[in-house]
Amino acid sequence: MSIFEYNGSAVVAMVGKNCFAIASDRRLGVQLQTVATDFQRVFKIHGKLYIGLSGLASDAQTLYQRLVFKHKLYQLREERDMKPETFASLVSSMLYEKRFGPYFCQPIIAGLGQDDEPFICTMDCIGAKELAKDFVVSGTASESLYGACESMYKPNMEPEELFETISQALLSSVDRDCLSGWGGYVLIVTPTEVQERVLKGRMD
Ligand SMILES: *[C@@H]1O[C@H](CO)[C@@H](O)[C@H](O)[C@H]1NC(C)=O
């Protein structure tokens with residue numbers, strides 16, 4: 001079994017009209033044994049910027065702590081929050097620095113940039129970025145997430161429809177993957193508010 005699949009995970013982000021959503025499953029396991037059903041894989045960097053980290057849970061937490069530290073230093077020096085594009089480059093270079101002993105994580109970055117333009121991107125464990133206009137996926141359920149998102153996604157969705165779409169895509173995908181699931185956690189971010197919702201799913 002790949003080290004990326006050890007704890008199991010599913011993370012997805014989608015773009016709507018002047019908004020975005022980022023969601024993850026809530027399972028933490030050790031191979032086929034479930035250890036926790038309330039695990040967090042989506043982290044806040046600032047009010048309009050979030051990162052989802054799939055892969056090895058312990059590396060996800062370490063990486064998140066280092067990113068918070070770097071972002072705080074940036075805020076002190078620049079007296080402003082980081083733009084999503086800048087943050088993506090920071091994550092990418094931090095991962096590439098450890099090219100020969102990487103963090104076993106595949107990040108998803110989602111944020112609202114200048115003029116509240118949504119930005120989403122994903123990268124592999126050594127920081128090779130992949131930008132997208134519609135959706136990005138990662139984790140052990142990524143194959144089924146690609147299929148679900150490909151068929152359910154529509155451009156320019158309003159926040160409420162975006163929430164329904166990302167939730168249905170996540171829940172149907174994790175049912176096809178035995179290493180992720182146990183409900184979901186969804187964030188819908190608009191220029192004026194952030195909504196946080198917990199989904200119930202199959203508990204088996
Ligand atoms: C996640 O996987 C690692 C494998 O390196 C394991 O050591 C760890 O126990 C797992 N996480 C938890 C909290 O079970």
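In the nomenclature of an unreviewed UniProt entry, the chain corresponds to Proteasome subunit beta from the organism Triticum aestivum.

**With respect to the packing of helix 1 (residues 57–78) against helix 2 (residues 84–97)**
Look at helix 1 against helix 2: their axes get within 11 Å of each other, and the N-to-C directions meet at 125 degrees. The orientation of helix 1 relative to helix 2 falls into the category oblique. Both helix 1 and helix 2 take part in a crossing whose hand is right-handed. Contact residues: L63, R66, L67 and K70 in helix 1; F87, L90, V91, M94, L95 and E97 in helix 2. Residues of the contact of helix 1 with helix 2, tallied by class, amount to 7 nonpolar, no polar and 3 charged.

**Topic: helix 4 (residues 159–174)**
Along its 16 residues, helix 4 runs 22 Å from first to last C-alpha, staying within 8% of the 22 Å computed at 1.5 Å per residue. Burial in helix 4 covers these residues: L162, F163, T165, I166, S167, A169, L170, S173 and V174. Those residues of helix 4 that are buried lie in contact with strand 1 (10–16), strand 2 (19–25), helix 3 (142–152), strand 11 (184–189) and strand 12 (194–199).

**Observations regarding the site of the ligand**
Surrounding the ligand, one finds Y6, N7, L28, V30, V35 and L56. With respect to the ligand, the side chain of N7 contributes an N or O atom lying 2.5 Å from an oxygen atom. In the complex, the protein chains occlude 57% of the 360 Å² of accessible area that the ligand would expose alone. Residue composition of the shell around the ligand, by class: 5 nonpolar, 1 polar and no charged.

**What to know about the packing of helix 3 against helix 4**
For the pair helix 3 and helix 4, interaxial distance at closest approach is 9 Å and the crossing angle is 145 degrees. The hand of the helix 3/helix 4 crossing is right-handed. Of helix 4, the residues touching helix 3 (which contributes S144, L145, A148, C149 and M152) are T165, Q168, A169, L170, S172 and S173. Tallied by class, residues from the contact of helix 3 with helix 4 come to 6 nonpolar, 5 polar and no charged.

Rules behind the numbers
Residues numbered from 1 in each chain as written. Predicted model: local features only at pLDDT ≥ 70, side-chain atom pairs only at ≥ 80, totals over all residues. Heavy atoms only, no water. Axes fitted to C-alpha atoms, helices over the stretch in contact; angles between N-to-C directions. Helix = DSSP H or I, 4+ residues; strand = E, 2+ residues; numbered from the N terminus. Parallel < 35°, antiparallel > 145°, perpendicular 65-115°, else oblique. Left-handed = near helix turned anticlockwise from the far one by under 90°. Contact = heavy atoms within 4.5 Å. Nonpolar A, V, L, I, M, F, W, Y, C, P; charged D, E, K, R; others polar. Expected span 1.5 Å × (residues − 1). Buried < 20%, exposed > 50% of the residue type's maximum accessible area, 1.4 Å probe, protein only. Near = heavy atom within 4 Å. Polar contact = N/O pair within 3.5 Å; in protein donor to acceptor, adjacent residues only side chain to side chain. Areas by Shrake-Rupley, 256 points an atom, 1.4 Å probe, with all protein chains shown as cover.

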